[in-house]
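# Fold and geometry: a report
As a plain string of letters, each chain reads:
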Amino acid sequence: MAARRPLIAGNWKMHGRRAETLALLAALKESLTVEHLHNREVVIAPPFTSLEIATQILAGSSLQLAAQDLHWEPSGAYTGEISAPMLKDLGCSYVLIGHSERRQYCGETDEHVARKVAAARKNGITPIICVGETLEEREKDATLEVIARQVRGALSGQDKTAIASLVVAYEPIWAIGTGRTATPAQAQEVHAAIRATLASLTNQPTAEAVRLLYGGSVKAENIDNLMAQADIDGALVGGASLQADAFARIARFQ
Ligand code: 13P
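Heads up: these notes are all about the structure in this document. (Residues numbered from 1 in each chain as written. Predicted model: local features only at pLDDT ≥ 70, side-chain atom pairs only at ≥ 80, totals over all residues. Heavy atoms only, no water.)

### Some words on the packing of helix α8 (residues 143-155) against helix α10 (residues 184-201)
Angle between the axes and distance between the axes are the two parameters that describe a pair of packed helices. For clarity, the threshold we go by: To obtain each axis, a line is fitted to C-alpha atoms, and for helices this fit is confined to the stretch in contact; angles are then taken between N-to-C directions over 0 to 180 degrees. Numbering of helices and strands runs from the N terminus; a helix is a DSSP stretch of H or I covering at least four residues, while a strand is a stretch of E covering at least two. For classification purposes, an angle smaller than 35 degrees is called roughly parallel, one larger than 145 roughly antiparallel, one from 65 to 115 roughly perpendicular, and anything else oblique. Crossing handedness: left-handed means the near helix sits turned counterclockwise from the far one by under a right angle, and right-handed means the same turn made clockwise. Contacts are assigned to residue pairs that have any heavy atoms within 4.5 Å of one another. Residues are grouped as follows: Ala, Val, Leu, Ile, Met, Phe, Trp, Tyr, Cys and Pro are nonpolar; Asp, Glu, Lys and Arg are charged; every other residue, Gly included, is polar.
Interhelical geometry of α8 versus α10 gives an angle of 40 degrees and a closest axis separation of 10 Å. For the element pair α8 / α10, the angle class is oblique. The crossing of α8 and α10 is right-handed. Of the residues in α10, those in contact with T143, L144, I147, A148, V151, R152 and L155 of α8 are E189, V190, A193, I194, T197, L198, S200 and L201. Of the residues belonging to the contact of α8 with α10, the class tally is 10 nonpolar, three polar and two charged.

Here it is as structure tokens:
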């Protein structure tokens, strides 16, 4: 089986002006040393307005940067949008795509997600594709079907090589910001199903190479149990990523 390098990502959402970005990143740089990071990747996704200052403060550190979204066109008359070449220029190695908050509040569809995935790939930025079911869908026993549809939708048009290098984050919507984490067993069940969907789109070795993150009320207290699951390769952390101590502990999971 392919060894998958664990990845812990902090999604700051719409939090932090530049001064707060500087303070939080400075604290993280102190608590996450080269020794902590030698066998894992740690990625921070601040708001667009903090990316430039974040690049400056992270220069020479192993912490990497992600954007929280992008537009699929490289440039053009798209007022308010940010393109993949612009993110590349700012030093982003990753980009979150299809977060449930964007699907819910900005009308993002699987088709938009697929176009964004293609744009990121074309510009050498690794997509972190977010999928997740609502509480209603879970209660109707539709979780695996919803997730399979989102994964297939996001990857339409991508070949095996492209799929092997991207990241999928499973974030059950009922667990986001609610303090109610999926149990490790619930998360593992969906992660295994995502890997099976990836295998059906490509082949087993490709599916085994893809990193699958869990997101939804990840904290210092639950990270170790989540990471102990066979198909959980990392975490996408919201609220707890805004506290240096909590996020550093999550990144140093056992
Ligand atoms: P919380 O960790 O605050 O639940 O947020 C999860 C999330 O949406 C990360 O993208």
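### Re the site of the ligand
Just so we agree on the cut-off: To be near a molecule or strand, a residue needs just one of its heavy atoms within 4 Å of it. Side-chain atoms alone can form a polar contact between residues adjacent in sequence; in general such a contact is a pair of N or O atoms within 3.5 Å, and within protein one must be able to donate a hydrogen while the other accepts it. Using a 1.4 Å probe, the Shrake-Rupley method yields the accessible areas, and only the shown protein chains count as cover for residues.
Residues in close proximity to the ligand total 13 residues, the closest being K13, E171, G177, S217 and G239. Between an oxygen atom of the ligand and a side-chain N or O atom of E171, the distance comes to 2.9 Å. Taken by itself the ligand offers 300 Å² of open surface, and the protein chains cover 95% of this. Taken together, the residues of the shell around the ligand sort by class into four nonpolar, seven polar and two charged.

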